Amino acid sequence: MALVVTQHVPASSSMSVSHGPAGVGAARRRMRSELRESGTSETIIEDAVLILSELLSNSWRHARPLDEREQIRASWSRDDDGALTISVTDGGGPTRPRPSSPSVTARGGRGLTIITSLARAWGVRETPATGAVTVWAVLPALAA
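Source: prediction; values computed, not measured.

**Describing the sheet that holds strand 5 (residues 132-139)**
So, point 1. Read across the open sheet, the 5 strands follow the order 1-2-3-5-4; overall the sheet is antiparallel. Edge positions in the sheet fall to strand 1 (12-18) and strand 4 (121-127), since each has one partner strand and no second. Going across the sheet, the axis of each strand differs from the next one's by a mean of 15 degrees, ignoring polarity.
So, point 2. The sheet contact formed by strand 3 (residues 84-90) and strand 5 spans 7 bridges and is antiparallel.

**Topic: unusual backbone geometry**
Only a minority of non-glycine residues have a phi that is not negative, and only a minority of peptide bonds are not trans.
So, point 1. The backbone phi angle of Glu70 is positive, close to 65 degrees, even though this residue is not glycine.
So, point 2. Position of Glu70 relative to the elements: it lies in the loop between helix 2 (42-62) and strand 2 (71-78).

**Re the environment of Trp60**
So, point 1. In this fold, Trp60 is placed in helix 2.
So, point 2. Along the sequence, Trp60 and Pro21 sit 39 residues apart, while their C-alpha atoms lie 7.7 Å from each other.
So, point 3. Once residues within four sequence positions are removed from consideration, Trp60 is found in contact with His19, Gly20 and Pro21.

Conventions adopted
- Residues numbered from 1 in each chain as written.
- Predicted model: local features only at pLDDT ≥ 70, side-chain atom pairs only at ≥ 80, totals over all residues.
- Heavy atoms only, no water.
- Pairing = 2+ DSSP bridges.
- Helix = DSSP H or I, 4+ residues; strand = E, 2+ residues; numbered from the N terminus.
- Axes fitted to C-alpha atoms, helices over the stretch in contact; angles between N-to-C directions.
- Contact = heavy atoms within 4.5 Å.

Next up, the structure:
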C-alpha cells in the first residue's frame, strides 16, 4: 500500500497590491508560486503570468487605485473544468479597456491584443455603486 501525501492549494487567490510597478512583481511571484504548487503546466503558468502583468500594467497606467492606500486587487481562480480566470480590479479611469492597433514603432498599446491571443475570453465588469472596474481573462485548461 502506497502512502499518498497531498498538499492543499487554494482553487482561488486574491491579493491587494500597490498601484504601480512593485505591485506587478509581487502579484507575478505569488501567482507563479501558487500555480506551480497546484501542478499547473508551465505553459499555462507563463500565459497566466503574462496576462496578469498586462492587466496590472494597464490598471497602473490608465486607472485609479481602489482606495487611499493606493491599492488594486488581483485575483485568479479555477472553475470546475480547470479553466483559469485572472482578474484585476481598480478604481476605474476616464476610458474603458479596448484593443488598439498601435504602429510598429509605438512603445505600447499591445497588451489587450496579447491577452486576446492567449485567452479564451476577456471582458470588463463595472460596479457603478463604487466606481470599481474589473478586467478579466479566462485561460482554457490544459493537461499538466
